[in-house]
Amino acid sequence: MTSETSRILVENLEFRYGKDGFQLRVPEFRVGAGESVGCIGPSGSGKTTFLHLLAGILLPERGTVEVDGVVWSRVADSVRRKARLARIGLVFQEFELLEHLTVEENIRLPGLIDSRLGRELDRSRATELARQTGIDAYLRRKPHSLSQGERQRVAVCRALFANPAVVLADEPTGNLDPARSREVVAALQQTVRQQGVSLVMVTHDHGLLDGFDRVLDLSSEVS
Amino acid sequence: MTGTTRLAWRYLAHHPGRSATLVLALALTILFPWGVQLLVGEFQRTLIRRAEQTPLLLGALGSRYDLVLNALYFQGDVARPLSMESVEIVQATGWARPIPLFIRHRAQGFPVVGTNADYFSFRQLRAAQGTLPLLLGDVTLGANVADELGLTPGDTLATDVGSGVDLLQYPLRLSVVGVLQPSANPDDDAVFVDLKTAWVIDGIGHGHDAAEEQGEDQTIARDGHRTVLNAAVFEHAQITDRNRDSFHFHGDRGEYPVTAVLIDPPSDKAATLLRGRYRASDTEQMLRPSVAVDEILGFVARIKRFFDANSLLVGLATALFLAVAVTLSYQLRRRELRTLRKIGCSRRTLFEIFAWESLILVGAAALFAGIAAWGAVNSVKIPLS
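This one's a predicted model, so the numbers in the text were calculated from it and none came from an experiment.

1. Quick notes on the packing of aromatic side chains
Aromatic ring pairs are described here by two measures, namely the spacing of the ring centres and the angle between the planes. Taken as a whole, this structure holds nine aromatic pairs over all chains when the rule is applied. Judged by centre distance (5.2 Å) and plane angle (90 degrees), the ring pair of phenylalanine 15 of chain A and tyrosine 17 of chain A falls under edge-to-face. Measuring from centroid to centroid gives 5.6 Å for tyrosine 330 of chain B and phenylalanine 354 of chain B, while their planes differ by 45 degrees, and the two rings are tilted. Residue tyrosine 330 of chain B is found in helix H9 (residues 289-332), and its partner phenylalanine 354 of chain B is found in helix H11 (residues 347-379); the two are separated by 24 residues along the sequence. With relative accessibility at 41%, the residue tyrosine 330 of chain B sits in the partly exposed group. Ring-pair connections join several aromatic residues into one group, and the members of that group are Phe74, Tyr119, Phe120 and Phe192 of chain B. Over the ring of tyrosine 11 of chain B we find arginine 333 of chain B, and its NZ or CZ is 3.4 Å from the ring centre.

So, in structure tokens, the structure goes:
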């Protein structure tokens, strides 16, 4: 897989929290278009940190992280922010939905905080995603009235709203029972596959990794 | 609605109690100085307009403020009245039209203005219903009085007991003969009678059955030409067509009281001549009401400056309070803001959201304060109008 065909390309990545904190080393990591990769590791292995490095929220001390042609360390913060908004969809561990917004507004959130995106992508995009994930009946409801599974689907729709190249999911099944977790991950993979989007999902649950194209074990990358 | 406006509005709408408290606190801070400003402005306009419509005023020597407030705004009393002789002296000069006023009594709480027909032409007052007070016992109501008391021509209006010199004076029932057109002046809040009626209310004139028809128990002395009645004689409590002729006055008409005389000179020269004539008087004063009102407004301006300083401090306290509220809100929303930042929200956009929230709160507070201030100006009675 070359740089041209990789949606995500990580080379010689090194990151350390403080002087005595843990150090994350990833010599090479690539994710192709439409590929799904699971990242596994115990608590404290740097899974969320790795995801933040991929998203450009954190910058590596050494090495490069390139997402959809943009090398994070070579561009200004504002460019990283705009690229993150337009090219990366984030699904958080506790979904981080805004309780004061309706489901539809939560899905459209990237468009609400960026006027250019808001102009390009209208409500119909949110409705379409909601229909695909089976939550179109809840568009006018507030998140607190939804089940965990429904909230997760809202978070996935929000991540996909801006037609991103990559979706980064941070333990999106952390609060669910095993059966429900498998169901949710399957739904996430299916939706992402339908959209032709690359997926990187971190989890500590090995049982969820069956459907992924590849798996990266971060416990071996941390010193 | 832009995205940031929607986000701001949604957050405020999601916390109605918190938002309403902030709006109320801000509204009160805005309302207080704004309300004072509007009320003081209206108060000043009312005072100045009335004063400028009155070229000269004659009264007994004493407080010029009391004289102006009584004669122009029907407020308070003058310490000493003039006599009708003073009116006749001005009349005799031929330099101006004197319009006597006798304002000492009240009816249902409203000032009773005793005057003559010239007052109505001078103030350009016309009857909207009925007539002006033509006969003894007639009363014409100011527009607000009629409205407030629900009276129309044909009704009666009793004067207040003990509002005059004689505290034992019984109320006189006046016949309502007309209602004035609204004038947006203190005339709207007064009732008007002929001077003679005002004197009857004051106890200078009275009406009773003929002395010859009184019983012995009400007669002190009787000879061929003269009958002297005692205090037990029955006096009429209302002037009617039947008993109007029985009303009479004792004493010299030239000594009957007037509280002030409006002077309507035809020219500046006449006004100057008249003012010169009274400059050296040690019993009377002739003044330009606009000058006295300017002095009164000087006091008001000083009081207003105190309110302004107070409002500034209250505004400062509220700004600090708002800053604390925003800071606390920021702390409470750290997780939400962190999420927005992670998704790709710029600091500028976050600032925009907070700015819109503040703007919506301040806008709502200003609207609320504006409506309340408008309501206050239209419902709170300015003391001198």
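2. Here's the deal with the interface of chain A and chain B
Counting residues at the interface gives 22 residues for chain A, matched by 18 residues for chain B. Buried area between chain A and chain B, both sides added, is near 2000 Å², and the carbon and sulfur share of it is 61%. Summed over the three residues of chain A that lose the most area to chain B, namely His100, Leu112 and Ile113 of chain A, the buried surface amounts to 31% of that side. Run the count over chain A and chain B and you get four salt bridges. The interface formed by chain A and chain B holds eight residue pairs in polar contact (both at pLDDT 80 or more) in total.

3. Observations concerning the packing of helix H4 (residues 84-93) of chain B against helix H8 (residues 268-279) of chain B
Residues and elements named next belong to chain B. Axis separation between H4 and H8 bottoms out at 12 Å; the angle between their running directions is 135 degrees. The pairing of H4 with H8 is recorded here as oblique in orientation. Crossing handedness for the pair H4 and H8: right-handed. Contacts between H4 and H8 involve Ser86, Ile89, Val90 and Thr93 from the former and Leu274, Arg277 and Tyr278 from the latter.

4. Let's talk about the pairing of strand S3 (residues 97-107) of chain B
Residue and element names in this part refer to chain B. Counting buried positions over the 11 residues of S3 gives eight, a clear majority of the element. When S3 meets strand S15 (residues 260-264), the two strands line up antiparallel, connected through five bridges. When the sheet's bridge partners are listed, leucine 101 is paired in S15 with alanine 260. For S3 and strand S4 (residues 110-115), the ladder comprises five bridges, and the chain directions are antiparallel. Its bridge partner being in S4, alanine 107 is matched across the sheet by phenylalanine 110. Remark: two residues form the turn of the hairpin made by S3 and S4, two consecutive strands paired antiparallel; glutamine 108 in that turn has positive phi of roughly 50 degrees.

5. Some thoughts on helix H10 (residues 334-343) of chain B
Residue and element names in this part refer to chain B. Taken residue by residue, H10 has Glu336, Leu337, Thr339, Leu340 and Ile343 as its buried positions. Seen along its axis, H10 keeps its buried residues to an arc of 155 degrees; they face one direction. Downstream of H10 by a residue or two, glycine 344 has a phi angle that is positive, lying close to 135 degrees.

Thresholds, definitions, all that
Residues numbered from 1 in each chain as written. Chains lettered and ligands numbered in written order. Predicted model: local features only at pLDDT ≥ 70, side-chain atom pairs only at ≥ 80, totals over all residues. Heavy atoms only, no water. Phe/Tyr/Trp six-rings, centres within 6.5 Å; stacked < 30°, edge-to-face > 60°. Helix = DSSP H or I, 4+ residues; strand = E, 2+ residues; numbered from the N terminus. Buried < 20%, exposed > 50% of the residue type's maximum accessible area, 1.4 Å probe, protein only. Lys NZ or Arg CZ within 6 Å of the ring centre and 35° of its normal. Contact = heavy atoms within 4.5 Å. Buried area = accessible area lost by both parts, 1.4 Å probe. Salt bridge = Lys/Arg side-chain N within 4 Å of Asp/Glu carboxyl O. Polar contact = N/O pair within 3.5 Å; in protein donor to acceptor, adjacent residues only side chain to side chain. Axes fitted to C-alpha atoms, helices over the stretch in contact; angles between N-to-C directions. Parallel < 35°, antiparallel > 145°, perpendicular 65-115°, else oblique. Left-handed = near helix turned anticlockwise from the far one by under 90°. Pairing = 2+ DSSP bridges. Arc of directions from axis to C-beta.

The values are spatial; any link to function lies outside them.
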